[in-house]
Amino acid sequence: MPKLKKRHLLDYSILIPYLVLCIFGLVMVYSSTSYLQLVDGKSPMGLVRNQTIFFVISLVIIGVIYKLKTQFLKNDKLINVIYFIMLAILIYTRFFNNYTANGAYGWIRIPGVGTIQPAEFFKIVTIWFLSVKFYGRQALINVRGKYWSQVGRPAIAIFAAALVIVAMPDLGNAAIIILILIIMLLASGVNYLYTIFTGVIGTLFSVGVIKALGLLGEKLGDKLDSLPFSHVLERFIVYQDPFEYVYDKGHQLVNGYYAFFNGGLFGRGLGNSIQKKGFLEFPHTDYIFAIVVEELGYLVAILVLIIIFYMVARIFLVGIRSTDPFNSLMCIGIGALFLVQIFVNLGGVLGIIPLTGVTFPFLSQGGSSLLMLSICIGFVLNISAEEKRKKYAVISE
């Protein structure tokens, strides 16, 4: 039987949905930004041109990752170095960086390139780091007295980095990282009682923090504006009843509702959104899905969700069928990342949870987000190819 080349093992059930979503995202970025770009006297193609450049770079990165040996990706020393470099970058971004955007220290400005958001890249580092650590400790994870040394230490390392992200403040990405940590613990093979306990405590703590911050913000009243990062507390206040603050802090959330209402089943037509014309502050990032609904309707929005959920299901399937714990953990973590990020984005837009500024995967404008998601796709395609090669090797014997 002739030797299969890696390009013959490409998983098109994951690659094609990725390409469809990214190209559709470019169309929506242009539609949601061109009007305001023209109003500001800029080129209507400005932001979509930048996003296209990042898309091309993403394709190159996927190709590079796809060519790597998965054994190289399992290297414990390599991921330790990457973790500490990323942690140092996060600390620098928060405590030694003067650049702020929307009141947060979450970005680093690079001359000639623009800005990057390190917290975005730490999400894939979290999955990679935990996969390597848990993969190398499978035999000891459930040994009595070994739990904290084998699982607790990697978890604490991720939690420490999440605290730095909270301090930026970037509660959305910090929440995603903590949720991924819990899911990875559940998938690691550790006794499920530990994970259920951790999940219940984490959920109760999160709900308690949301309610406490909302009540604190309401109690402070006019004094709130004098506090650092007051905009974060405002989000916890507003999401409880946005219409009470419709002419102030709640205008973003309320206008998002109007966008959903305007769309109906078939939408107003591509490019015909009302809310993107100054009513929504971030129609191309946080609220890109609301613009999709307003312009193209619920039917297209549901189709977009079906495509992304199909891709996620395929990623989970690769993980479930994997014969290698590292491969399985990576795919489960990446699939979970996509689902959690969709929930956090749509949850904020729909007022289910406080708005966090997290982008919608593949559609929102944002180079860091697209690069991070594409790195995830590169990992999954590599793992899928390796698992297919193993399967064909067994058949050929």
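Parameters at a glance
Residues numbered from 1 in each chain as written. Predicted model: local features only at pLDDT ≥ 70, side-chain atom pairs only at ≥ 80, totals over all residues. Heavy atoms only, no water. UniProt positions renumbered as here; feature names shortened; annotations may be inferred. Helix = DSSP H or I, 4+ residues; strand = E, 2+ residues; numbered from the N terminus. Expected span 1.5 Å × (residues − 1). Bend = angle between axes of the 7 residues up to and from the residue. Axes fitted to C-alpha atoms, helices over the stretch in contact; angles between N-to-C directions. Parallel < 35°, antiparallel > 145°, perpendicular 65-115°, else oblique. Left-handed = near helix turned anticlockwise from the far one by under 90°. Contact = heavy atoms within 4.5 Å. Phe/Tyr/Trp six-rings, centres within 6.5 Å; stacked < 30°, edge-to-face > 60°. Buried < 20%, exposed > 50% of the residue type's maximum accessible area, 1.4 Å probe, protein only. Lys NZ or Arg CZ within 6 Å of the ring centre and 35° of its normal. Patch = residues over 30% accessible without salt bridge, like charges linked within 9 Å, V, L, I, M, F, W, Y side chains within 5 Å. Areas by Shrake-Rupley, 256 points an atom, 1.4 Å probe, with all protein chains shown as cover. Salt bridge = Lys/Arg side-chain N within 4 Å of Asp/Glu carboxyl O.

Per an unreviewed UniProt entry, the protein chain is named Probable peptidoglycan glycosyltransferase FtsW, and its organism is Enterococcus asini. UniProt, in the comment section headed Sequence similarities (unreviewed entry), describes the protein chain in these words: "Belongs to the SEDS family. FtsW subfamily." Comment text from UniProt for the protein chain, heading Function (unreviewed entry), reads "Peptidoglycan polymerase that is essential for cell division."

Asker: What am I meant to see in helix α5 (residues 118-135) here?
Answerer: In an α-helix there are 3.6 residues to a turn, and that puts residues three or four apart on one side. If you check α5, its first and last C-alpha atoms are 25 Å apart, about what 18 residues at 1.5 Å a residue would give, namely 26 Å. Approximately 25° is the largest bend angle found in α5, and it occurs at I124.

Asker: Just checking my understanding: could you explain the packing of helix α1 (residues 12-39) against helix α2 (residues 46-67) for this structure?
Answerer: A pair of packed helices can be characterised by two numbers: the angle between their axes and the separation between those axes. Relative to each other, α1 and α2 sit at 160°, their axes nearing to 8 Å. When the interaxial angle is binned, α1 and α2 end up roughly antiparallel. Judged by the twist between their axes, the crossing of α1 over α2 is right-handed. Together, Y18, L19, C22, I23, L26, V29, Y30, T33 and Q37 of α1 and G46, L47, V48, Q51, T52, F55, S58, L59 and I62 of α2 make up the contact between the two elements.

Asker: Help me understand the packing of aromatic side chains, please; the structure alone is not making it clear to me.
Answerer: Any pair of aromatic rings gets described here by the distance separating the centres and the angle formed by the planes. Applying the stated criterion across every chain, the model contains 9 aromatic pairs. For the ring pair Y18 and F362, a centre distance of 5.7 Å and an interplane angle of 80° mean the geometry is edge-to-face. In this pair, Y18 sits in helix α1 while F362 sits in the loop between α12 (325-349) and α13 (367-396), placing the two residues 344 residues apart along the sequence. An identical accessibility class is assigned to Y18 and F362; each is buried. Aromatic pair Y83 and F84: ring centres 5.2 Å apart, planes at 75°, arrangement edge-to-face. Aromatic ring contacts, followed pair by pair, group Y18, F55, F338 and F362 into a single cluster. The positively charged end of K277 is found above the aromatic ring belonging to Y35, 5.4 Å away from the centroid.

Asker: Would you mind showing me how to read a nonpolar patch on the surface here?
Answerer: Together, L265, F266, Y298, L299, I302, L303 and I306 give the surface a local cluster of nonpolar side chains, amounting to about 710 Å² of exposed area. Checked against the element boundaries, L303 lands in helix α11 (residues 288-321). A relative accessible area of 46% places L303 in the partly exposed class.

Asker: Can you help me understand unusual backbone geometry in this one?
Answerer: It is generally the case that most residues other than glycine have a negative phi and that most peptide bonds are trans. The backbone phi angle of F362 is positive, close to 75°, even though this residue is not glycine. Residue class for F362 comes out buried when judged on its relative accessible area of 4%.

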